[in-house]
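Understanding the architecture of this molecule
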Amino acid sequence: MRELKNWLGIIVGAFILSFGINNFIIQNQLAEGGFFGISLLLLYFFDLKFGYSFLLLNVPLFYIGYRMFGRGFLVKTFAGVALVSLFSLLVPGNITPPLPNDKLLAALYGGVVNGIGLGLILRFGATTGGSDIIARIANVRWGYSMGQTLFFIDIVVISIVAILQGMMIAMYSLVALFIAARVIDVVIEGVSTSKSAMIISDQTQAIANAIQDKLERGTTLLKGRGGYTGQEKDVLYCVVSREEILKVQHIVHDIDPYAFVVVADVHDVLGEGFSPLTRKTH
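Summary of the structure given here. Remember, it's a predicted structure, so these values are computed and weren't measured experimentally. (Residues numbered from 1 in each chain as written. Predicted model: local features only at pLDDT ≥ 70, side-chain atom pairs only at ≥ 80, totals over all residues. Heavy atoms only, no water.)

1. Observations regarding the nonpolar core
What counts, and what does not: Joining through side-chain atoms within 4.5 Å is the link that ties buried Ala, Val, Leu, Ile, Met, Phe, Trp, Tyr and Cys residues into a set, and such a set is a nonpolar core. The buried label applies to any residue whose accessible area, calculated with a 1.4 Å probe on protein chains only, is under 20% of its type's maximum; exposed applies above 50%, and partly exposed to all values in between. A run of DSSP states H or I qualifies as a helix once it reaches four residues; a run of E qualifies as a strand once it reaches two. Both are numbered from the N-terminal end. Contact definition: two residues touch when any of their heavy atoms are within 4.5 Å.
Core analysis: the largest hydrophobic core is formed by 46 residues, its most contacted members being Phe50 and Val84. Of all the elements in the fold, those that place two or more residues in this core are helix H1 (2-26), helix H2 (34-46), helix H3 (50-69), helix H4 (71-90), helix H5 (103-123), helix H6 (131-142), helix H7 (146-165) and helix H8 (167-189). When residues in this core are grouped by element, the largest group, eight residues, is from H1. Not counting the four nearest positions on each side in its chain, Val84 is found in contact with Ala14, Leu17, Ser18, Phe36, Phe50, Phe54, Ile121 and Thr128.

2. A word on the packing of aromatic side chains
Going by this rule: What counts as a ring pair is set by centres within 6.5 Å for rings of Phe, Tyr and Trp (its six-membered ring), and what kind of pair is set by the plane angle: stacked under 30 degrees, edge-to-face over 60, tilted for all other angles. Only lysine NZ and arginine CZ atoms are considered, and such an atom sits over a ring when it is within 6 Å of the ring centre and within 35 degrees of the ring normal.
The full count for this structure, using the stated rule, is seven aromatic pairs. With 6.2 Å between their ring centres and 75° between their planes, Phe19 and Phe24 make a pair best called edge-to-face. Neither residue differs from the other here; Phe19 and Phe24 are each classed as buried. Judged by centre distance (6.1 Å) and plane angle (5°), the rings of Phe36 and Phe50 are stacked. Of the two residues, Phe36 sits in helix H2 while Phe50 sits in helix H3, which places them 14 residues apart along the sequence. Comparing Phe36 with Phe50 shows no difference in burial state: the two are buried. An aromatic cluster of at least three residues, connected via ring pairs, comprises Phe19, Phe24 and Tyr109. Geometry around Trp7 places Lys76 over its ring, the cationic atom sitting 5.5 Å from the centre.

3. Quick look at the sheet that holds strand S4 (residues 260-266)
Put simply, the test is: For two strands to count as paired, DSSP must find a minimum of two bridges between them. An axis is simply a line fitted to the C-alpha atoms; with a helix, the fit covers only the stretch in contact. Between two such axes, the angle follows the N-to-C directions and lies from 0 to 180 degrees.
With respect to topology, four strands assemble into an open sheet ordered S2-S3-S1-S4, the strand pairing being antiparallel. Taken across any chain shown, the strands that pair with only one partner, and hence form the sheet edges, are strand S2 (220-225) and S4. If you compare each strand with its neighbour and ignore which way they point, the axes differ by 25° on average. Pairing between S2 and strand S3 (residues 232-241): six bridges, direction antiparallel. Among the inter-strand pairings, Thr220 is bridged to a residue of S3, identified as Tyr237.

In structure tokens:
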């Protein structure tokens, strides 16, 4: 059942991604980074359909990826590439009206839709090949960071776009890339609806008791040592909802006004009081 959900998620993600590319990116002559961007340039300048060129560009990398990472990697990668290629040929590119006089709006819409589609593909265990495969190879062979490699490839492609299509198109395309990257994070990690608090105080047990009594939230005491004084201290860690974090801060202030508190966003909190452990699909 879980594997079926994964494949359904990949298919839906590929459809949404293809919809965004056809109706917001291509229809408004915008570009993308990586192999998406190369395929779009081949479409704009040589009239080679996006679905065909995207698949053909990935074929050599399928073989290299298979040799280096095995059959499991190849299956999900090929599925992502093949589905995006197929849907890009099938999904009409005139469902939404063109926005030739408002490319910024087209970039925003395209970034959101593409981010949702690609995020679903990645969340359910597949990739769209291309730059992802190159980045993984560079990481294994030469130790380069995958993020740095992907960024470098995107910069190269966007630079080519700037030369061939003009700086304005390149800038709008960067907007779409940035929005898509943020949406991908949200789809994969979930919307941040929880907060974590790390509390360093001489009254950690009293604070822990107050959080338990007033908020009915569990806490964890960690052992710490001051970097300057060398003094051992308990460090209190807790995770609460966004609405409760202000109450935690008030509790800490009332008990120990001199406490040190660090608050951070947390994603996909699983367990008692939050989402059940069975929620994850990958």
